[in-house]
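# Per-entry structural report
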Amino acid sequence: MNVRSRHAANLLGASALLVAGMVREAVTASVGAGGSLGEALIAIKDQPGRTADWLSTVLQISQPGTAHLIRRLTEQGWVVRGSEGRARPLRLTPEGERVAAAALAAREAVLQGLIERLSDEQREQLVAITGALLGPEARSEETLARLCRLCDRGTCSACPVYEGLRG
């Protein structure tokens, strides 16, 4: 690996940490609590009716951690669990929908602030670069849900992760 390639890799890593940290802070502030609450709300909003096992896979947390998370979400009045057999699908309450929408809006504000630093040409390059990085990573529906767990999926008319999964 040459020096220029190592430099690019290093900058990519630092950029990833910057973006992840800023998004995490915005979502946490919006939700009013840390941990995985915001991610869980957005994931359930995106795919209502999924189970605790699915949420555990998407958020990459243990079964006991997921049980604790769901308990916190239900105590907040943001999530209800269905009674259909063992699966017990998860759905947001109206208040949960409101909090999830606020978390997505906070995320978008942070990301728009970063994107505004770029020229139109750089934004187009970023779309191409991120598509090239994300598309090949989509190996399963779980990977798709994991990579897009904080996405506002209605924003991407051509999601590179979904396209990677289909390809």
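The following refers to the structure shown.

What counts as what
- Residues numbered from 1 in each chain as written.
- Predicted model: local features only at pLDDT ≥ 70, side-chain atom pairs only at ≥ 80, totals over all residues.
- Heavy atoms only, no water.
- Core = buried A, V, L, I, M, F, W, Y, C linked by side-chain atoms within 4.5 Å.
- Buried < 20%, exposed > 50% of the residue type's maximum accessible area, 1.4 Å probe, protein only.
- Helix = DSSP H or I, 4+ residues; strand = E, 2+ residues; numbered from the N terminus.
- Contact = heavy atoms within 4.5 Å.
- Expected span 1.5 Å × (residues − 1).
- Arc of directions from axis to C-beta.
- Polar contact = N/O pair within 3.5 Å; in protein donor to acceptor, adjacent residues only side chain to side chain.

### A word on the nonpolar core
- The biggest cluster of nonpolar side chains holds 31 residues, and the ones touching the most others in it are V31, L41, L55, L73, W78 and V79.
- Counting residues per element, the ones that place at least two in this core are helix 1 (3-31), helix 2 (37-46), helix 3 (52-59), helix 4 (63-75), strand 2 (90-92) and helix 5 (94-115).
- With sequence-adjacent residues up to four places away left out, L55 is seen in contact with A40, A43, I44, L69, I70 and L90.
- With 5 residues, the next largest nonpolar core counts A138, L144, C148 and C159 among its residues.

### Overview of the environment of E95
- Relative to the assigned elements, E95 resides in helix 5.
- On the basis of relative accessible area, E95 is assigned to the partly exposed category, the value being 35%.
- Taking C-alpha positions, E95 is 23 Å from D53, a pair spaced 42 residues apart along the chain.
- In contact with E95, other than residues within four places in its own chain, are G77 and W78.

### Describing helix 4
- Here helix 4 is 13 residues long and its end C-alpha atoms lie 18 Å apart, about the 18 Å a rise of 1.5 Å per residue gives.
- The set of residues buried in helix 4 consists of T66, L69, I70 and L73. Along the axis of helix 4, the buried positions cluster into a sector of 95°, meaning they face one direction only. In helix 4, those exposed residues whose orientation departs by more than 90 degrees from the buried face are P64 and E75.
- Buried residues belonging to helix 4 abut helix 2, helix 3, strand 1 (79-81) and strand 2.
- For helix 4, the capping residue at the N-terminal end is S62, with a side-chain oxygen 3.0 Å from the backbone nitrogen of G65.
- Backbone geometry just after helix 4 places G77 at a positive phi near 80°.

### A look at the side chain of T93
- Within the element layout of this structure, T93 appears in the loop between strand 2 and helix 5.
- Apart from the residues lying within four places of it in its own chain, the contact partners of T93 are G77, W78, V79 and V80.

### Things to note about the environment of V23
- For V23, the position within the fold is in helix 1.
- Distance in space between the C-alpha atoms of V23 and E108 is 8.5 Å, their sequence separation being 85 residues.
- Beyond its immediate stretch of four places on either side in the chain, V23 contacts R107, V110, L111 and L150.

Honestly, that's just the spatial picture; any functional story needs more than this.
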